[in-house]
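Fold and geometry: a report
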Amino acid sequence: MGIRKLPEFLINQIAAGEVVERPAFVIKELVENSIDSNASEIEINIVGAGKENISVSDNGKGIKKSELNLALERHATSKLSNNDLYNLRYLGFRGEALPSIASVSELTIESIKFKATEAWGVCMEKNRLKDFFPSSRTIGTKVSARNLFFSVPARLKFLKSDKGENAVSNQIIKKLAIINFQISFKLKIDQ
């Protein structure tokens, strides 16, 4: 099933209070998307404790060119096939993570749908489409969030030191890796 906009009645059933509070939240959401895409390899790169750049690459199913823009709309998801909140098989399903991240960073998604012949990318800044472009990806998806909190600089003063933020991110990745032992995780912090 492809990505689609959820119906209004279901949107009202979902608690929509997700707020990006720290870089670790971004990492958790992006890694969970990679896990949900059936990736067997996930690479996480963190620069400047995630404030400068967070990128998560995977070898999962990918996103169709025609669905890249829709993936960035609130409550758009590929994970609730029957509008059934009682039988969830995914880590994320509300369709809020990517738009929330895009509202506080410069977000770029590059993806190629499994068995497709060409990859495409989309770049968002302040939740507005900045660019839609051909990509060189050959498998899966790469999501990069640069300049985290550039649009809400007051949020930066509530973060821990770089070492502290990296420790929180590292802990979240370890927990996700332990429960998903069939997936290869690679983490790079400041190269």
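Here, every reference points to the structure presented above.
The notes below deal with the structure included here. Quantities reported herein were computed from a predicted structural model and do not represent experimental measurements. (Residues numbered from 1 in each chain as written. Predicted model: local features only at pLDDT ≥ 70, side-chain atom pairs only at ≥ 80, totals over all residues. Heavy atoms only, no water.)

**Some thoughts on the overall build of the chain**
A tally of helices and strands in the chain yields four helices and nine strands. Reading the chain from its N end, one meets helices and strands in the order β-α-α-β-β-β-α-β-β-β-β-α-β. Residue burial in the chain is summarised as follows: out of 191 residues, 47% are buried. For the chain, the share of sequence-separated contacts (at least 6 apart) that also reach a separation of at least 24 residues comes to 71%. (Helix = DSSP H or I, 4+ residues; strand = E, 2+ residues; numbered from the N terminus. Buried < 20%, exposed > 50% of the residue type's maximum accessible area, 1.4 Å probe, protein only. Contact = heavy atoms within 4.5 Å.)

**A look at helix α4 (residues 162-179)**
With 18 residues, α4 extends 26 Å between its outermost C-alpha atoms, agreeing within 8% with the 26 Å of an ideal straight helix rising 1.5 Å per residue. In this structure, the buried residues of α4 make contact with α2 (23-36), β2 (41-47) and β9 (184-189). (Expected span 1.5 Å × (residues − 1).)

**Some details on unusual backbone geometry**
Look at N38: it is not a glycine, yet its phi comes out positive at around 65 degrees. Even without glycine at this site, A49 takes up a positive phi of about 60 degrees. As for its position among the elements, A49 is in the loop between β2 and β3 (53-58).

**Comments concerning the pattern of salt bridges**
Here the structure, examined in full by the defined rule, presents seven salt bridges. The closest approach of N and O atoms between K28 and E32, which form a salt bridge, is 3.2 Å. Of this pair, K28 and E32 are both found in helix α2, four residues apart, which corresponds to roughly one turn of the helix. Accessibility expressed as a relative area gives 8% for E32, which makes it buried. In the salt-bridge network here, residues are joined through shared partners; they are K28, E29 and E32. (Salt bridge = Lys/Arg side-chain N within 4 Å of Asp/Glu carboxyl O.)

**Observations concerning the packing of aromatic side chains**
The tally for this structure, following the rule as stated, stands at one aromatic pair. Ring plane angle 15 degrees and centroid distance 5.4 Å describe the contact between W120 and F132, whose orientation is recorded as stacked. In this pair, W120 is assigned in strand β6 (residues 119-125) and F132 in strand β7 (residues 128-135), connecting sequence segments 12 residues apart. With relative accessibility at 30%, the residue F132 sits in the partly exposed group. The aromatic ring of W120 is capped on one face by K65, whose charged end is 3.9 Å from the ring centroid. (Phe/Tyr/Trp six-rings, centres within 6.5 Å; stacked < 30°, edge-to-face > 60°. Lys NZ or Arg CZ within 6 Å of the ring centre and 35° of its normal.)

**Comments concerning the nonpolar core**
Counting residues in hydrophobic clusters, the biggest one holds 36 residues, and the most contacted among them are L107 and I109. For this core, the elements supplying multiple residues, two or more each, are α2, β2, β3, α3 (97-102), β5 (106-111), β6, β8 (141-146) and α4. In terms of residues, this core owes the most to one element, α2, which gives six residues. Apart from the residues lying within four places of it in its own chain, the contact partners of L107 are L72, L98, I101, A102, V122, C123, M124, V143, S144 and A145. (Core = buried A, V, L, I, M, F, W, Y, C linked by side-chain atoms within 4.5 Å.)

**Regarding the packing of α2 against α4**
Relative to each other, α2 and α4 sit at 20 degrees, their axes nearing to 9 Å. On the basis of their axis angle, the class for α2 and α4 is roughly parallel. Along this stretch, α2 crosses α4, giving a crossing that reads as right-handed. Of the residues in α4, those in contact with P23, A24, I27, K28, V31, E32 and I35 of α2 are E165, V168, S169, I172, I173 and L176. Classifying every residue of the contact of α2 with α4 gives nine nonpolar, one polar and three charged. (Axes fitted to C-alpha atoms, helices over the stretch in contact; angles between N-to-C directions. Parallel < 35°, antiparallel > 145°, perpendicular 65-115°, else oblique. Left-handed = near helix turned anticlockwise from the far one by under 90°. Nonpolar A, V, L, I, M, F, W, Y, C, P; charged D, E, K, R; others polar.)

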